[in-house]
Structures are given as structure tokens and as C-alpha cells.
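# Descriptive analysis of the structure
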Amino acid sequence: MTSSHTDCHFCLQSLRGRKYALREENAYCVPCYDSLYANPCEECKQPIECNSKDLAYKGRHWHEGCFRCAKCSRSLVEKPFAAKDEVLLCTECYSDEYSSKCFHCQKTIMPGSRKMEFKGSSWHESCFVCQYCRQPLGTKPLITKDNENYCVPCFEKQFAHHCYSCKKVITSGGVTYHDQPWHKECFVCAGCKTQLSGQRFISKDEYPYCVDCFSRFYAKKCAACKKPITALGGAKYISFEERQWHGECFNCVKCSVSLVGQEFLTRQDDILCHKCGSA
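Residues numbered from 1 in each chain as written. Predicted model: local features only at pLDDT ≥ 70, side-chain atom pairs only at ≥ 80, totals over all residues. Heavy atoms only, no water.

### Regarding the overall build of the chain
Counting secondary structure elements, the chain contains five helices and 22 strands. Taken against the 2.2 N^0.38 rule, which gives 19 Å for 279 residues, the C-alpha radius of gyration of the chain at 46 Å runs more than 25% over that of a compact globule. Its C-alpha atoms give the chain principal-axis dimensions of roughly 150 × 40 × 30 Å. Intrachain contacts of the chain at a sequence separation of at least 6 include 11% that bridge at least 24 residues. Accessible area for the chain stands at about 18,700 Å²; split by element, carbon and sulfur atoms hold 47% of it. (Helix = DSSP H or I, 4+ residues; strand = E, 2+ residues; numbered from the N terminus. Rg over C-alpha atoms; globule rule 2.2 N^0.38 Å. Contact = heavy atoms within 4.5 Å. Areas by Shrake-Rupley, 256 points an atom, 1.4 Å probe, with all protein chains shown as cover.)

Spelled out as C-alpha cells, the structure:
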């Protein structure tokens with residue numbers, strides 16, 4: 001360009017009739033400006049002279065003709081590109097080398113497009129949807145079954161068990177009783193309502209009872225000690241003429257010898273060994 005500036009600010013030579021460049025309101029002849037201020041090109045390492053187009057990216061500079069993909073050498077001028085370890089690549093080359101594949105459609109997730117990540121896999125945003133209702137999952141809570149993702153309402157509708165007692169969904173854990181699912185907190189003694197999960201219990205008329213309640217309500221009483229006979233753990237008991245005894249209580253009332261597996265005699269409500277009964 002030409003102007004009323006008369007001398008180069010650096011070499012002081014006349015600028016009359018010559019091209020020059022301005023920097024901070026000072027005029028420089030082209031050779032001085034290029035030697036003082038021209039940026040070196042990242043590709044060819046030559047200065048980018050003031051009569052050349054200077055393309056800049058993150059503090060680095062290129063000639064227009066040097067601004068190319070490092071792999072296929074196609075020009076990146078006015079085209080989308082990506083950088084990897086300070087190397088510039090066109091989107092196609094970057095995708096081939098570095099882009100993730102969508103777990104669902106197996107197509108490349110192009111640079112600049114939104115990517116969803118879940119359990120170590122990547123997805124197109126449009127592919128990351130509920131398997132049942134096909135609505136985008138985004139960052140919503142989800143549940144995975146057989147490598148398919150479901151929003152919580154759809155999963156509950158399709159797969160979740162409902163508690164036999166309260167009818168609400170069992171989201172984790174639970175107890176199975178008579179082939180029916182229960183929440184742990186809903187699986188309680190029919191008598192005292194104590195939680196039975198992990199505890200010993202006895203069934204009666206399809207209802208579960210803790211040992212104490214079952215003994216109190218239903219267990220037969222030992223004719224000798226009058227305590228309940230629960231038969232828990234395989235304990236033996238003896239039954240005779242509508243009376244029951246604990247195995248350890250079935251003894252002769254006189255000499256206290258055990259009558260389990262032995263002959264015995266009865267006298268009114270008493271049981272006697274053969275020797276005492278014959279005396």
C-alpha cells in the first residue's frame with residue numbers, strides 16, 4: 001500500500017511510491033516488516049510474508065498453501081478439521097484414526113458431534129435410546145438388561161417383579177416365598193410383623209411365622225414339659241393317643257429312663273417303662 005508515510009520506521013528509507021505495512025501506527029517497508037514481524041510457518045518453517053495469507057490456530061501459523069491434513073494432504077482452508085497431539089487432520093482422516101464407533105450402529109462418531117458414553121462404550125446421541133419406548137436416554141437413570149438399555153419406567157413395566165404384599169416394584173434384592181417375590185421389608189411374620197428375611201420361620205396356611213409366634217399360636221405342647229413342640233431342625237418328637245412329647249421328655253414317670261424306641265405302659269395319663277409298670 002502507499003500512503004503519506006514518508007520513511008520506514010526501522011530502516012528509515014523513503015516509502016514514497018513503495019508498498020509498506022502498518023504496525024502500531026508505524027509504517028515499515030515490506031522487507032523490514034517481514035524480517036521483524038512475519039510469523040514462521042509451522043509446515044515449511046519459512047516466514048509468512050505480509051503479502052501472503054496467514055492462517056492461525058492456537059497460536060501457530062501456516063501459509064495458506066501449507067494448511068493441509070497431515071495424513072492425506074488435502075487443504076484444510078475453510079474446512080472442518082481436528083487436532084491430535086498438535087497434528088492437524090481432516091475430519092475423515094481423524095475419524096479413521098481416532099474416532100469412536102457407536103456401540104449400537106457401529107458407525108463412526110464424527111468429531112464435533114455429541115457423544116454419549118456408558119459402561120466403557122460410546123454412542124451417537126440419536127442411538128442412545130430406550131430399547132422399548134425409543135425415547136432418548138441422555139443423562140436419565142437407566143437399567144441395562146441383556147446388553148439393551150431401558151428407561152426406568154419401561155424396565156419396570158417389562159421386567160420388574162412386584163411385591164406380593166405391597167404390589168410395588170422390587171428394584172433390588174427381595175425374597176421369594178411360595179414362588180412369589182417380596183420386598184425384604186414386606187416379608188414379615190404374620191403374627192408379630194417382625195422382618196423374617198434371613199431368619200428362621202415356619203409356614204402355616206401359606207403365611208410365614210417367626211418361631212415364637214408359630215409356637216405360641218399353633219405348636220402342640222409337650223405332655224411332659226408343657227413347652228411347644230416345633231420340630232425345627234429335624235428335632236424328634238413322639239405322638240401317642242393324641243398326645244405329643246419331645247424326644248428328650250418321653251421318659252418313665254417313675255425312674256425317668258428314656259422310653260424312645262422302648263416298650264412302655266400307660267396308667268391314666270402317665271407313661272411307665274415295662275419294669276415300673278409291672279411292679
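### Focus on the domain arrangement of the chain
Looking at the assigned domains, one finds that the chain contains domain 1 (20-93), domain 2 (98-159), domain 3 (161-218) and domain 4 (222-278). Computed over C-alpha atoms only, the centres of domain 1 and domain 4 are separated by 106 Å. (Domains from an automatic or database assignment.)

### Some remarks on the packing of aromatic side chains
Tallying each qualifying case throughout the model produces 22 aromatic pairs. A centroid spacing of 5.4 Å and a plane angle of 85° characterise the contact between F67 and F81, whose relative ring orientation is edge-to-face. Placement of the pair is F67 in the loop between β4 (60-63) and β5 (81-84) and F81 in strand β5, with a sequence separation of 14 residues. By way of ring pairs, the aromatic residues Y164, Y177, W182, F187 and F201 are connected into one cluster. Lying over the aromatic face of Y164, K167 brings its terminal NZ or CZ to 4.9 Å of the ring centre. (Phe/Tyr/Trp six-rings, centres within 6.5 Å; stacked < 30°, edge-to-face > 60°. Lys NZ or Arg CZ within 6 Å of the ring centre and 35° of its normal.)

### Side note on helix α1 (residues 30-37)
Buried residues of α1: C32, Y33 and D34, and no others. In the core, the buried residues of α1 are packed alongside β1 (20-23) and β2 (26-29). (Buried < 20%, exposed > 50% of the residue type's maximum accessible area, 1.4 Å probe, protein only.)

### Remarks on unusual backbone geometry
Look at L12: it is not a glycine, yet its phi comes out positive at around 65°. Despite not being glycine, N147 has its phi angle at roughly 65°, a positive value. We classify N147 as exposed; its relative accessible area is 61%.

### Considering the pattern of salt bridges
Inspection of every chain in the model, using the stated rule, returns four salt bridges. Between R60 and E42 there is a salt bridge, with its nearest N and O atoms 3.9 Å apart. On the criterion of sequence distance, the pair formed by R60 in strand β4 and E42 in the loop between α1 and β3 (54-57) is long-range, its members being 18 residues apart. Under the relative-accessibility criterion, E42 is labelled partly exposed at 30%. A salt bridge links K115 to E117, with the nearest nitrogen and oxygen atoms 3.3 Å apart. On the accessibility criterion, K115 (36% relative accessible area) is partly exposed. (Salt bridge = Lys/Arg side-chain N within 4 Å of Asp/Glu carboxyl O.)

### What about the pairing of strand β22 (residues 270-273)?
As paired strands, strand β21 (residues 264-267) and β22 are joined by four bridges and run antiparallel to one another. Residue pairing in the sheet places R267 in a bridge with D270 of β22. Linkage of β21 to β22, two consecutive antiparallel strands, is achieved through a turn of two residues, within which Q268 is found at a positive phi near 55°. (Pairing = 2+ DSSP bridges.)

### Description of the UniProt feature "domain: LIM zinc-binding" (unreviewed entry) in the chain
Residues given the UniProt feature "domain: LIM zinc-binding" (unreviewed entry) here are residues 39-99, 100-161 and 220-279. Across residues 39-99, helical content stands at 11% and strand content at 26%; the span's end C-alpha atoms are separated by 32 Å. (UniProt positions renumbered as here; feature names shortened; annotations may be inferred.)

### A few points about the side chain of H61
Relative to the assigned elements, H61 resides in strand β4. Here the side chain of H61 touches D54 through a polar contact of 2.9 Å, side chain to side chain. When residues no more than four places from it in sequence are discounted, the contact partners of H61 are N39, P40, C41, E42, I48, D54, L55 and A56. (Polar contact = N/O pair within 3.5 Å; in protein donor to acceptor, adjacent residues only side chain to side chain.)

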